[in-house]
Amino acid sequence: MRPARVVRRALGRLPDAVTAVDEGLDHDTYRVDAGGAYVLQIAGPDADAPLERGVACYRLLAETAVPVPRVVAEGVVDGRPYALVERLPGETPVGGAPD
């Protein structure tokens, strides 16, 4: 699956840059630059955690003071769910949640 194809479908334009990142645990994760900064996740073929659950959490928390990315688009392509969200500033925690 080509991430650029998913971005074009979601935003109506091809991205300027797409970079695979290692932060995704169960999903293929990409940094996307396309007139804005985004993160694209495409559900892995053997994902333990449904991508839709994370998107639902983003939508619920959006109405609170918790900073979460805005969901730009979600759908299914080639039988795999995807979500495109705004990229927030900051660092991705490495090694799991703090003790």
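Quick note: structure is the one above.
Let us look at the structure shown here. (Residues numbered from 1 in each chain as written. Predicted model: local features only at pLDDT ≥ 70, side-chain atom pairs only at ≥ 80, totals over all residues. Heavy atoms only, no water.)

## Notes on the overall build of the protein
Here is step 1 of the chain: Along its length, the protein carries two helices and five strands.
Here is step 2 of the chain: In sequence order, the protein lays out its α and β elements as α-β-β-β-α-β-β.
Here is step 3 of the chain: Put simply, the protein has 99 residues, and 27% of those count as buried.
Here is step 4 of the chain: At a minimum sequence separation of 6, the contacts of the protein that also span at least 24 residues come to 41%.
Here is step 5 of the chain: Carbon and sulfur atoms make up 51% of the accessible area of the protein, which amounts to about 6600 Å² in all. (Helix = DSSP H or I, 4+ residues; strand = E, 2+ residues; numbered from the N terminus. Buried < 20%, exposed > 50% of the residue type's maximum accessible area, 1.4 Å probe, protein only. Contact = heavy atoms within 4.5 Å. Areas by Shrake-Rupley, 256 points an atom, 1.4 Å probe, with all protein chains shown as cover.)

## Concerning the sheet that holds strand E1 (residues 17-21)
Neighbouring strands of a sheet are bound in pairs by backbone hydrogen bonds; such pairs are parallel or else antiparallel.
Here is step 1 of the chain: Taking strand neighbours across the sheet as the criterion, the five strands line up as E1-E2-E3-E5-E4 in an open arrangement whose pairing is antiparallel. A strand with exactly one partner marks an edge of an open sheet, and here the two such strands are E1 and strand E4 (71-77). Looking at each pair of strands side by side, their axes are set apart by 20° on average, direction ignored.
Here is step 2 of the chain: Note: strand E2 (residues 27-33) against strand E3 (residues 37-43), seven bridges, orientation antiparallel. Across the sheet, Tyr-30 pairs through a bridge with Leu-40, a residue of E3.
Here is step 3 of the chain: Each of E1, E2, E3, E4 and strand E5 (80-86) is contacted by helix H1 (residues 3-11), which is oriented at about 120° to E4, the strand it contacts most.
Here is step 4 of the chain: Each of E2, E3, E4 and E5 is contacted by helix H2 (residues 51-61), which is oriented at about 30° to E5, the strand it contacts most. (Pairing = 2+ DSSP bridges. Axes fitted to C-alpha atoms, helices over the stretch in contact; angles between N-to-C directions.)

## Re the pattern of salt bridges
Here is step 1 of the chain: Going through the model one piece at a time under the given rule, you end up with six salt bridges.
Here is step 2 of the chain: The salt bridge involving Asp-28 is made with Arg-80; its shortest N-O contact spans 2.6 Å. A residue pair is termed long-range when its members are at least 10 positions apart, and Asp-28 in strand E2 and Arg-80 in strand E5 qualify at 52 residues. (Salt bridge = Lys/Arg side-chain N within 4 Å of Asp/Glu carboxyl O.)

## Quick notes on the pairing of E5
Here is step 1 of the chain: E5 sits mainly inside the fold: five of its seven residues count as buried.
Here is step 2 of the chain: Pairing between E3 and E5: five bridges, direction antiparallel. Looking across to E5, one finds that Val-39 is bridged to Val-85.
Here is step 3 of the chain: Strand direction decides the pairing type here: E4 and E5, joined by six bridges, are antiparallel. The partner of Ala-73 across the bridge, within E5, is Leu-84.
Here is step 4 of the chain: The antiparallel hairpin formed by E4 and E5 contains two residues in its connecting segment, where Asp-78 sits at a positive phi of about 55°.

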